[in-house]
Amino acid sequence: MGKSLKDIAEALKVSKTTVSWVLSGRGDEQKISSATQKKIIDYAKQVKYRPNYLAKSLSSGKTKTIGLVVPFIGDTFYAQVAMEVELVAEQLGYTVTFCSSESNPVRENNIIQMLRSKNIDGLIIAPTNYAKSELENLIQEKYPFVLIDRFFPELNTNYIIIDNIGCSYNLVNKLINEGRKKIAIITTASALFTMSLRYEGYKTALIEHDCFISP
């Protein structure tokens, strides 16, 4: 069994609180001498001390964990997003729990509720088109979350998306300038609001060049 804060304190004849302050990086703040801090840190390394994250979360109310919920974790785009989220979270001292909703609203709701039951500190969600009611619950309870890639314009939430209209518009313009006139648009999950934005950019560009054919 690994050494505890109490074990280190008894071995070095200092208080458990002093050990806790030093190993949590608060030694200078608490005006603990450099010699004492070095002694504690060196001994902790020597005995391979590992912090008890469960105990820390119970005392602080923070788990230093966030949940990432995406439609398909195997999708190239979402896999890249997951990697970047994990790298930034690690720099900030957080870990990430990854979950895939498989674009199933029931599974998505269950995942969100499961993650919340584990007292994670917040959620990053790329929602299905049917997640609105669960998101409304999060808003009402003031639970921290942010949407990515997809959002609901009628909900007052934080979200991060690309300029769907502008990107689609620019792409169609590029094709037209290269001499293409008959340009089709193919989307997945067409019920998503972001897809309607892409269609809007596509349609606007075609109308401006008198190339739009009404479906």
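Structure report, in brief.

Conventions and cut-offs
Residues numbered from 1 in each chain as written. Predicted model: local features only at pLDDT ≥ 70, side-chain atom pairs only at ≥ 80, totals over all residues. Heavy atoms only, no water. Helix = DSSP H or I, 4+ residues; strand = E, 2+ residues; numbered from the N terminus. Rg over C-alpha atoms; globule rule 2.2 N^0.38 Å. Phe/Tyr/Trp six-rings, centres within 6.5 Å; stacked < 30°, edge-to-face > 60°. Lys NZ or Arg CZ within 6 Å of the ring centre and 35° of its normal. Buried < 20%, exposed > 50% of the residue type's maximum accessible area, 1.4 Å probe, protein only. Pairing = 2+ DSSP bridges. Right-handed = clockwise from strand over helix to strand, strands pointing away.

### Notes on the overall build of the protein
The secondary structure content of the protein amounts to nine helices and five strands. Secondary structure elements of the protein occur, N-terminal to C-terminal, as α-α-α-α-β-α-β-α-β-α-β-β-α-α. Its C-alpha radius of gyration of 25 Å places the protein more than 25% over the 17 Å reference for a compact globule of 215 residues. Seen through its principal axes, the protein has C-alpha atoms that stretch 85 × 35 × 30 Å.

### Here we look at the packing of aromatic side chains
Taken as a whole and judged by the stated rule, the model has four aromatic pairs. With centroids separated by 5.0 Å and ring planes inclined at 70 degrees, the aromatic side chains of Phe77 and Tyr78 adopt a geometry described as edge-to-face. Pairwise contacts between aromatic rings join Phe151, Tyr159 and Phe193 into one cluster. Taking the ring centre of Tyr143 as reference, the NZ or CZ of Arg116 above it sits at 4.3 Å.

### Structural notes on the pairing of strand E1 (residues 65-70)
Of all six residues in E1, six are buried, a share of seventy percent or more. Both faces of E1 are covered, namely the face carrying Thr65, Gly67 and Val69 and the face carrying Ile66, Leu68 and Val70. With six bridges joining them, E1 and strand E2 (residues 95-100) adopt parallel strand pairing. The residue of E2 that forms the bridge with Val70 is Ser100. In this region the chain leaves E1, passes through helix H5 (residues 76-91) and returns to the parallel neighbour E2; the handedness of that crossover is right-handed. Across four bridges, E1 lies against strand E3 (residues 122-125) in parallel orientation.

### Comments concerning unusual backbone geometry
Although it is not a glycine, Asn119 adopts a positive phi angle of roughly 60 degrees. Along the chain, the position of Asn119 falls in the loop between helix H6 (105-117) and E3. For Asn119, a relative accessible area of 52% puts it in the exposed group. Although it is not a glycine, Asp149 adopts a positive phi angle of roughly 70 degrees. Inspection of the secondary structure assignment puts Asp149 in the loop between strand E4 (145-148) and strand E5 (159-160).

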